[in-house]
Amino acid sequence: MIQLKQFTKYFHRDGVDQVLALDGIDLGVQKGDFISIIGSNGAGKSTLLNGLAGTYAPDDGQILFGGKDIGQWPEHRRATFIGRVFQDPLMGTCGALTVEQNLALAKRRGKRRGFALGVKKEDRQLFEDRLKELGLGLENRLGDRVGLLSGGQRQALTMLMATVIPPQVLLLDEHTAALDPKTARQILDLTRKIIDDRHLTTLMVTHNMRIAIQMGNRLIMLHHGKIILDIKGEEKRSLTQEELVARFYDRQKKEDMLTDRMLLG
Amino acid sequence: MTWYAIIGALEQGLVYGIMVLGVYLTFRVLDFPDLTVDGSLPLGAAVSAVAITKGVDPFASILLAACAGFAAGMVTALLNTKLKILHLLASILTMIALYSINIRIMDGPNVSLLGASTVLDPFMAAGTAGYVVAPVMYGLLAVLITGGIVWFLHTELGQAMLATGDNPQMIRSLGVNTHHIIIIGVGLSNALVAVSGALVAQNQGASDVNMGIGTIIAGLASVILGETVFGSTGVTRTCIAVLLGSVLYRLAIAMALGLKLGNFAVTPSDLNLITALLVVLALMAPGIKRKFGGRAK
Amino acid sequence: MKRCMLTVFAVMAVLAASVAYAGPYRISVSQFVEHPALDAVLKGFQDQLREKAVDVQYHIHNAQANMATANQIGHQIMGEKPDLILAIATPAAQACAQALKKAPHMRKTPLLFTAVTDPVGGGLVKDLKHPGANITGVSDMLPVDQHLLMVKTFLPGIKRMGFLYSAGEVNSKILVPLFKAEAAKLKFDIKEATISKSSDVYQAVKSLVGQVDAVFIPTDNTVVSALEAVIKVCTENKLPLFNADVDSVKRGAIAAMGFDYYQHGYQTGEMALHILHGADPATTQVEFQEKLQLHINAQAAEQMGVAIPAELLKRADHVYN
């Protein structure tokens, strides 16, 4: 469904502090994939997600969606089929508006917004039902301003908003990193549920190796802007944390050896 | 302070109240500080005055003024979204350019409307005194326009506009082109300000190129005063609050002008200082409320 | 008897009270901005009335160049219910005229304007000879022909004169076609230079150097506030500078045929008296200032390389050295 071909992104290009964030990434995402993306800091995980979402256009290479090159498509155009949940729980909802107003905004994803009333009476039941599924009591707080909700509640709401109109791709960028352990677990359970129920193609960035192994059908590890591990299917199902770490160091050593050889050779 | 002075302040508060709604739209809803208003108020006045002297119906001239204001707002928004110029700077650029444009429109710095037909004529002909008709007429218009804005902000487009000002990243990830929203919003805001300018010109009998100086200050002071005194929970309440804030602001100014402490009398040149003090007081008020509210417990 | 006495006493008391009540005239003044010329107008007006021993209670307001304030003042004046309104400068007059329209109880109150250059263009009167309503006054329209004649007398061979004014002042703008027409009669033409704020003046006058034989500044508040810049450029480039404001001659212009704004106010005061004593504003024609003064600055003339014609020297009301 999504194809990245030699996708490249620099930061501060042509400057003294130029950084190669993504180095010619080749990646194919199939419909129904649930890909966990891990890697050390600065590996390029968030950059990859932002590249998919359209925050920037690639410096080199292509991104294809259903065969079409969408590299120059601005963020809001890609948002028609991409849903996002951010690391910052406050970033996915509008604090100044109410719960139902937020959901109403989400329900019009990709559609023309005109002069019809924003929050429609007939939608309220749908909102209530979906909120009930979250199990946070938000179904009784439709008229409350989102700014009054806790971080965890807002993140749950963001998840709901990103999926109320099922997107073709769901991007989760360390969406539990800023939450306390209990809430993080709740959100992860919610994540699993929503993705399973709606069969969403998902890319999830996480720092947590255990979660990465447990969730999804595919695991990708980034390092210095390159994909160094891509484990799927049976191999992933039987993967353990220790094995993952070992394979990482293995690759690392190979890489380091290469560079040492180049330096010393 | 005489009864007439109070009516006068009420009248001014209502007629400028439409401008204040425009300032609310950019400053609060879109989080876009917009100084274009110092230029679009006289723009509306100029367009309306010139149209009237050329025989256009006064009500139609107000629509023309609105279109001109919308165009001015669009220019500022385009400078900001397409050319990536900082919003404050973009609005200043448009404001400066409008000074020259307004003189061109009026073919001079001033167009007199004394004796020309205005929107008040149909009512004056009915025999009612002008100083009663004016506030009633402007009050009706202000209420209508406020109602229109409140309705608009509850539509899908309006909600997207509120979201753009509060969290542009979020609304973009829901598929909204925030550039378009800003263009529409800043355009609409300046259309309102231009309408206000057209009414002011018809009210005071002339359109003058310098009549816009200080508009943004009066607008901001009115918005802040209104929100502090009348509350700002929810869009409907806030819109009404800023309109009332405009009236309150003009009343405060009128009172200050009539104030005499012994030999010291407040003169109009002190107005800027008074406005600044008003705004500071209004901004301090929540803090004071909290401090004394807490003690009372 | 007692009742009769009481009634007489009461009637006399009422009469006495009404006579006392008919006391001073109430005049409300709306001045648009603080400015030496306009301040002088007010002073002249008040002095005239004082000299004629008229008892006046004044309410004086100053809009400080803010149109919204001028409007507010119009409303305030409505409440003061004066016997006569004096409006100094066009925007103040327009605001008062508009306020009057709205107040039926003020329909008969006379509005006197002063220091207004174009009463007809400003919408204040329909016709200079027959104002037609309750508005009339004294106009400070420049006698353009006299000004240009003075310039031509100084510089008989003049081919082109620069006209420096602010695009934002309507009193200056309306003079341009008049100046062009009169100059054509005297066989020279006019080159305009406009400014929008006083800091533009230096640049604007420099643009005239080498392009014109002389520079003329009308009674334009914005330009006059930066007069020193003009004088500097003109002196350095030996470009003769003439003016319509006599105060500027003292500051360094060669000559001006202007009015004394104090006289302007004085003349307005005379007109006010006529009206207070019963004249009908509708038939009181708009007056123009009659007394003109010629001021010459000999030192400036010498610095700018211009010889002063003997006839003008003789005529001059004041010569600065």
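My aim in this report is to walk through the structure given alongside it, one point at a time. All of these numbers come straight from a predicted model, not from anything done at the bench. (Residues numbered from 1 in each chain as written. Chains lettered and ligands numbered in written order. Predicted model: local features only at pLDDT ≥ 70, side-chain atom pairs only at ≥ 80, totals over all residues.)

### A look at the environment of I308(C)
Reasoning step 1: Inspection of the secondary structure assignment puts I308(C) in the loop between α13 (298-303) and α14 (310-315).
Reasoning step 2: The exposure class of I308(C) is partly exposed, given the 18 C-beta atoms found within 10 Å. (Helix = DSSP H or I, 4+ residues; strand = E, 2+ residues; numbered from the N terminus. Buried ≥ 20, exposed ≤ 12 C-beta atoms within 10 Å, placed from the backbone.)

### Quick look at the sheet that holds strand β13 (residues 318-320) of chain C
Residue and element names in this part refer to chain C.
Reasoning step 1: As summarised here, the arrangement of the seven strands in space is β7-β6-β8-β9-β10-β12-β13, forming an open sheet in which the pairing is mixed. The sheet terminates laterally at β7 (189-195) and β13, the two strands that pair on one side only. Strand-to-strand, the axes of this sheet are offset by a mean angle of 20 degrees, without reference to chain direction.
Reasoning step 2: With three bridges joining them, strand β8 (residues 214-217) and strand β9 (residues 241-243) adopt parallel strand pairing. (Pairing = 2+ DSSP bridges. Axes fitted to C-alpha atoms, helices over the stretch in contact; angles between N-to-C directions.)

### Examining the environment of H105(C)
All names here are of chain C.
Reasoning step 1: Tracing the backbone through its elements, the reader meets H105 in the loop between α4 (90-102) and β4 (111-116).
Reasoning step 2: The exposure class assigned to H105 is exposed, which follows from the 11 C-beta atoms found within 10 Å.
Reasoning step 3: Sequence spacing of H105 and R251 is 146 residues, and the spatial spacing of their C-alpha atoms is 47 Å.

### So, the interface of chain B and chain A
Reasoning step 1: Counting from both sides, the interface comprises 21 residues of chain B and, opposite them, 25 residues of chain A.
Reasoning step 2: Looking at the side of chain B that touches chain A, the elements that each hand over two or more residues are α7 (156-166) and α8 (168-172) of chain B.
Reasoning step 3: Of the residues forming the side of chain B that touches chain A, the biggest block, eight residues, is contributed by α7(B).
Reasoning step 4: When its residues are assigned to classes, the side of chain B that touches chain A shows eight nonpolar, ten polar and three charged. (Contact = placed C-beta atoms within 7 Å. Nonpolar A, V, L, I, M, F, W, Y, C, P; charged D, E, K, R; others polar.)

### Overview of the environment of N102(B)
Reasoning step 1: Along the chain, the position of N102(B) falls in helix α4 (residues 87-106).
Reasoning step 2: C-alpha separation for the pair N102(B) and F152(B), spaced 50 residues apart in sequence, amounts to 30 Å.

### Quick notes on the pairing of strand β3 (residues 34-39) of chain A
All names here are of chain A.
Reasoning step 1: Of all six residues in β3, six are buried, a share of seventy percent or more.
Reasoning step 2: Residues of β3 alternate between two faces, with F34, S36 and I38 on one and I35, I37 and G39 on the opposite face, all of them buried.
Reasoning step 3: The pairing of β3 with strand β8 (residues 201-205) spans four bridges and is parallel. Along β8, the bridge assignment pairs I35 with L203.
Reasoning step 4: Looking at chain direction, β3 and strand β9 (residues 218-223) are connected through five bridges and run parallel. Paired with G39 across the two strands is L222, which belongs to β9.

### Section: helix α9 (residues 178-204) of chain B
Residues and elements named next belong to chain B.
Reasoning step 1: Taking 1.5 Å per residue, 27 residues should reach 39 Å; α9 reaches 39 Å between its end C-alpha atoms and fits that length.
Reasoning step 2: In terms of residue burial, α9 counts as a mostly covered element, since 25 of its 27 residues are buried.
Reasoning step 3: Positive backbone phi, at 90 degrees, marks G205, one or two positions downstream of α9. (Expected span 1.5 Å × (residues − 1).)

### Comments concerning the nonpolar core
Reasoning step 1: Within the largest apolar cluster, 209 residues are counted, with the highest numbers of intra-cluster contacts made by L21(B), A194(B), V195(B), I88(C), A92(C) and C96(C).
Reasoning step 2: If you look at the next biggest cluster of nonpolar residues, it comprises 45 residues, including V151(C), L208(C), F216(C) and L227(C). (Core = buried A, V, L, I, M, F, W, Y, C linked by C-beta atoms within 7 Å.)

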